[in-house]
Amino acid sequence: MQLRPVPRNIDRPNRTPEYVMTYLSVHFAIMFTIGKPLVAIVIGMLSTYLMYKVTLDKPEGLALRIIYRKIQLGKMRPSPAVCKKLEA
């Protein structure tokens, strides 16, 4: 019985969805706010680069953890910044 070879980069984190989410959310927020496409593209690229630097050598999902801790989305469930009980 022969085992199947394992890909070499199987344990490397894949952050492509996080980069895409960062770029698109910042790009469209700036685009709808000020309406200048060139400025929105540049700020979107800078935000993606900043996120790359912040999450370098960290586990996947760090961006979503930071968003969950710092930003309150709606009033259904408070973030740990507002309600310290959830921070455990």
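## Focus: the overall build of the protein
Across its full length, the protein carries three helices and zero strands. Reading the helices (α) and strands (β) of the protein from amino to carboxyl end gives α-α-α. Looking at the protein as a whole, 17% of its 88 residues are labelled buried. In the protein, of all internal contacts separated by at least 6 residues, the share reaching a separation of at least 24 is 42%. For the protein, the computed accessible surface area is about 7,700 Å², with 65% contributed by carbon and sulfur atoms.

## Some words on the packing of helix H1 (residues 16–34) against helix H2 (residues 37–54)
Put simply, H1 and H2 touch, their axes get as near as 8 Å, and they point 150° apart. Relative to H2, H1 is oriented roughly antiparallel. Of the two possible hands of crossing, H1 and H2 adopt the one that is right-handed. Contacts between H1 and H2 involve Glu18, Tyr19, Thr22, Tyr23, Val26, His27, Ile30, Met31 and Ile34 from the first element and Pro37, Val39, Ala40, Ile41, Ile43, Gly44, Met45, Ser47, Thr48, Met51 and Tyr52 from the second.

## Details of the confidence of the model for the protein
Per-residue confidence for the protein gives a mean pLDDT of 79; residues scoring 70 or more make up 74%. For the protein, the element scoring lowest by mean pLDDT is helix H3 (residues 62–70), at 73; H2 scores highest, at 92.

## Section: H1
Here H1 is 19 residues long and its end C-alpha atoms lie 27 Å apart, about the 27 Å a rise of 1.5 Å per residue gives. Those residues of H1 not exposed but buried are Glu18, Thr22 and His27. The buried side chains of H1 occupy one side of the element, clustering within an arc of 150° when seen end-on. Every exposed residue of H1 that faces more than 90 degrees away from the buried side is listed here: Pro17 and Phe32. As for H1, its buried residues are in contact with H2 and H3. Downstream of H1 by a residue or two, Gly35 has a phi angle that is positive, lying close to 75°.

## Digging into the environment of Leu24
As for its position among the elements, Leu24 is in helix H1. Between the C-alpha atom of Leu24 and that of Ala40, which follows or precedes it by 16 residues, the distance is 9.7 Å.

## Observations regarding the side chain of Thr55
Along the chain, Thr55 falls in the loop between H2 and H3. Owing to a relative accessible area of 1%, Thr55 belongs among the buried residues under this scheme. At a separation of 2.8 Å, a polar atom in the side chain of Thr55 contacts the main-chain carbonyl oxygen of Met51. Among all residues touching Thr55, those that are not within four sequence positions of it are Arg15, Tyr19 and Leu62.

Cut-off values and rules
Residues numbered from 1 in each chain as written. Predicted model: local features only at pLDDT ≥ 70, side-chain atom pairs only at ≥ 80, totals over all residues. Heavy atoms only, no water. Helix = DSSP H or I, 4+ residues; strand = E, 2+ residues; numbered from the N terminus. Buried < 20%, exposed > 50% of the residue type's maximum accessible area, 1.4 Å probe, protein only. Contact = heavy atoms within 4.5 Å. Areas by Shrake-Rupley, 256 points an atom, 1.4 Å probe, with all protein chains shown as cover. Axes fitted to C-alpha atoms, helices over the stretch in contact; angles between N-to-C directions. Parallel < 35°, antiparallel > 145°, perpendicular 65-115°, else oblique. Left-handed = near helix turned anticlockwise from the far one by under 90°. pLDDT = per-residue confidence, 0-100. Expected span 1.5 Å × (residues − 1). Arc of directions from axis to C-beta. Polar contact = N/O pair within 3.5 Å; in protein donor to acceptor, adjacent residues only side chain to side chain.

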